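Structural characterization, general
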Amino acid sequence: MSLLVTGIGELVTNGPDGDGPLGIQHDAALVVEDGVLTWVGARLNAPACDARIDVEGRAVLPGFVDSHSHLVFAGDRAGEFSARMTGVPYDGGGIATSMAATRGAPDDELRSLVAARVEEMRRQGTTTVEIKSGYGLTVADEARALRIACEFTTETTYLGAHVVPPEWRGDRAAYVDLVAGEMLAACAPHARWIDVFCEPNSPHAFDEAESRRVLAAGVDAGLMPRVHGNQLGPGPGVGLAVEFGAASVDHCTFLGADDVAALVDAADTTVATLLPGVEFSTRSPYPDARRLIDSGVSVAIATDCNPGTCYSSSMPFMIALAVREMRMSPAEAVQAATRGGAKALRRSDIGRIEVGAKADLCVLEAPSHEHLAYRPGVPISRVLGEERWV
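Let me sum up the structure you'll find in this document. This one's a predicted model, so the numbers in the text were calculated from it and none came from an experiment. (Residues numbered from 1 in each chain as written. Predicted model: local features only at pLDDT ≥ 70, side-chain atom pairs only at ≥ 80, totals over all residues. Heavy atoms only, no water.)

Quick look at the overall build of the protein chain now. Within the protein chain, the regular secondary structure consists of 14 helices and 18 strands. Its C-alpha radius of gyration of 20 Å places the protein chain within 12% of the 21 Å reference for a compact globule of 390 residues. Projected onto the principal axes, the alpha-carbon positions of the protein chain cover approximately 70 × 45 × 45 Å. Out of the 390 residues in the protein chain, the part that is buried amounts to 58%. (Helix = DSSP H or I, 4+ residues; strand = E, 2+ residues; numbered from the N terminus. Rg over C-alpha atoms; globule rule 2.2 N^0.38 Å. Buried < 20%, exposed > 50% of the residue type's maximum accessible area, 1.4 Å probe, protein only.)

Further remarks concern the pattern of salt bridges. With the rule as written, the count across this model stands at 25 salt bridges. In this structure, the salt-bridge partner of Asp141 is Arg144, at a minimum N-O distance of 3.3 Å. Note that Asp141 and Arg144 are positioned in helix α4 (residues 139-149) at a spacing of three residues, about one turn of the helix. The class of Asp141 is buried, set by a relative accessible area of 15%. A relative accessible area of 9% means that Arg144 is categorised as buried. (Salt bridge = Lys/Arg side-chain N within 4 Å of Asp/Glu carboxyl O.)

Attention shifts here to the side chain of His369. Looking at the secondary structure, you find His369 in the loop between β16 (361-364) and α14 (371-374). Note on His369: relative accessible area 7%, which makes it buried. Every residue in contact with His369, bar those within four places of it in the chain, is listed here: Glu10, Val12, Leu22, Ile24, Ala59, Leu61, Pro330, Ala331, Val334 and Leu364. (Contact = heavy atoms within 4.5 Å.)

Here the focus is unusual backbone geometry. Look at Asp34: it is not a glycine, yet its phi comes out positive at around 50°. A relative accessible area of 61% places Asp34 in the exposed class.

Next up on the list: helix α13 (residues 330-344). Under the 1.5 Å per step criterion, the end-to-end length of α13 is 20 Å for 15 residues, consistent within 8% with the ideal 21 Å. The largest bend along α13 measures about 40° and falls at Ala336. What α13 keeps buried is the set Ala331, Ala333, Val334, Gln335, Ala336, Ala337, Thr338, Gly340, Gly341, Ala342 and Ala344. Phi for Arg346, located one or two positions after α13, is positive at around 55°. (Expected span 1.5 Å × (residues − 1). Bend = angle between axes of the 7 residues up to and from the residue.)

Here we come to the state of the cysteines. The full count for this structure, using the stated rule, is zero disulfides. Here Cys198 is not disulfide-linked; the sulfur of Cys252 is the nearest cysteine sulfur, at 12 Å. (Disulfide = S-S within 2.5 Å.)

Side-chain positions along a regular strand alternate between the two faces of the sheet. Side chains of strand β14 (residues 271-274) alternate between two faces, with Val271 and Thr273 and Ala272 and Leu274 buried alike. When strand β13 (residues 248-251) meets β14, the two strands line up parallel, connected through three bridges. Bridging across to β14, Val249 finds its partner in Ala272. Where the polypeptide runs from β13 across helix α9 (residues 257-265) and back to β14, its parallel neighbour, the crossover connection is right-handed. (Pairing = 2+ DSSP bridges. Right-handed = clockwise from strand over helix to strand, strands pointing away.)

This part takes up the packing of aromatic side chains. Considering all chains together, one arrives at five aromatic pairs under this definition. Their ring planes at 45° and their centres at 6.0 Å tell us that Trp168 and Tyr175 sit as a pair that is tilted. Overall, the relative accessible area of 27% leaves Trp168 in the partly exposed class. When the centroid spacing of 5.2 Å and the interplanar angle of 90° are considered together, the rings of Phe280 and Phe317 count as edge-to-face. Of this pair, Phe280 sits in helix α10 (residues 276-282) while Phe317 sits in helix α12 (residues 315-326), and the two are 37 residues apart along the sequence. A connected cluster of aromatic rings, assembled from ring pairs, spans Phe73, Tyr135 and Tyr311. The ring centre of Phe73 lies 3.6 Å from the NZ or CZ of Arg117, which sits over that ring. Here the guanidinium or amino end of Arg226 rests over the ring plane of Trp193, the centre of that ring lying 4.4 Å away. (Phe/Tyr/Trp six-rings, centres within 6.5 Å; stacked < 30°, edge-to-face > 60°. Lys NZ or Arg CZ within 6 Å of the ring centre and 35° of its normal.)

This part is about the packing of helix α5 (residues 172-180) against helix α7 (residues 208-220). Put simply, α5 and α7 touch, their axes get as near as 9 Å, and they point 20° apart. Of the possible angle classes, the one that applies to α5 and α7 is roughly parallel. The hand of the α5/α7 crossing is right-handed. Two secondary-structure elements touch here, α5 through Arg172, Val176, Asp177, Val179 and Ala180 and α7 through Glu210, Arg213, Val214 and Ala217. For the contact of α5 with α7, the per-class residue count stands at five nonpolar, no polar and four charged. (Axes fitted to C-alpha atoms, helices over the stretch in contact; angles between N-to-C directions. Parallel < 35°, antiparallel > 145°, perpendicular 65-115°, else oblique. Left-handed = near helix turned anticlockwise from the far one by under 90°. Nonpolar A, V, L, I, M, F, W, Y, C, P; charged D, E, K, R; others polar.)

One recurring pattern in soluble globular proteins: nonpolar side chains tend to sit buried together. Among the nonpolar cores identified, the biggest contains 78 residues, and Phe64, Tyr158, Leu292, Ile301 and Met328 are the most heavily contacted of them. No other element matches the six residues that α12 contributes to this core. Sequence-distant contacts of Ile301, that is, excluding residues within four places in its chain, are made with Val65, Thr273, Leu274, Met315, Met318, Ile319, Ala322, Met326, Met328, Ala333, Ala336 and Ala337. In this structure, Leu11, Leu30, Ile53 and Val363 belong to the second largest nonpolar core, which totals 17 residues. (Core = buried A, V, L, I, M, F, W, Y, C linked by side-chain atoms within 4.5 Å.)

Glancing now at α4. Of all eleven residues in α4, eight are buried, a share of seventy percent or more. Asp141, Glu142, Ala143, Arg144, Ala145, Leu146, Ile148 and Ala149 are the residues of α4 that are buried.

So, on to the environment of Gly94. Note on placement: Gly94 falls in the loop between α1 (78-85) and α2 (95-104). A residue is classified by how much of its surface remains accessible, and Gly94, at 14% relative accessible area, is buried. Aside from chain neighbours lying at most four places away, what touches Gly94 is Arg77 and Glu80.

Next up, the structure:
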């Protein structure tokens, strides 16, 4: 069955057949068949189809690609957030609170919580989401988190190296052995990616040698690398990500000239994924997106939706923060939330509106992509993904 989506006031294609970096087309239409885009062009030239939807002048964008989230958790950390707002610094220690709640939650409860969060994301325009483990930190709980995540996305990430859990703090080396050994073996069948919180500025996270050990083991097991890096201060995260050819190094809040140069050299391989909701929620300095973009670094933005440092599932909110706080233009922020996120997941079938791409579409309740920053929280009129409208 073919579906014609017509009356598109502004179509953001992220492709070459349009105006500016977003490949914008006006008064446009597109055709969807079996979840794939089969025609894109001017409304007046649209072919006849089995069904038709008129979006009446609204803007249509590729569905947002949220390439960094932590959705498999129970409980919340509202008290920790309140404490930060009164001056208590963030050092990663609160993850243990989420760990205890997550370990104690039955499978059905976790599954229901993830389902609700994914649906909340979809209502805000997200059609692809990456989901990490990292709040179980035992062999059984990490494998369970990934099995549940697999029910909602193909982009699953093993993050046994999130923090060192309390019961292992007297023997960090043994925990790293577990993460790189038995835990990895249990989790690898349910994951596409491996990640590590490489942050020597936190006593709870992992230093360069520990992170290298974990990443090397994951690559040997057939997983592709990602890195949490340079969040709390300068550190080796960016260098490690580039060394391993990681698809993405995420946070990138504290970067030196060598880090930026390394990301420029690796722009075809490694994306700097910025997570402005974290800075909003922790009152930390924002990453210097302007410096990265002007230098030629590949940039994405994502929510980092998690219970501690950014309990937000809204990519439109991240776009508004990127424009207001990180000096990105509206077009740059939209591109980072779509094509940039797709690149951070090494996907060429999403993040763009072109013939042959997946028909993952986001319809704004607005005439232009600029409203995502101009009118923070602009409603999403509807979303098409997995062959269904929301």
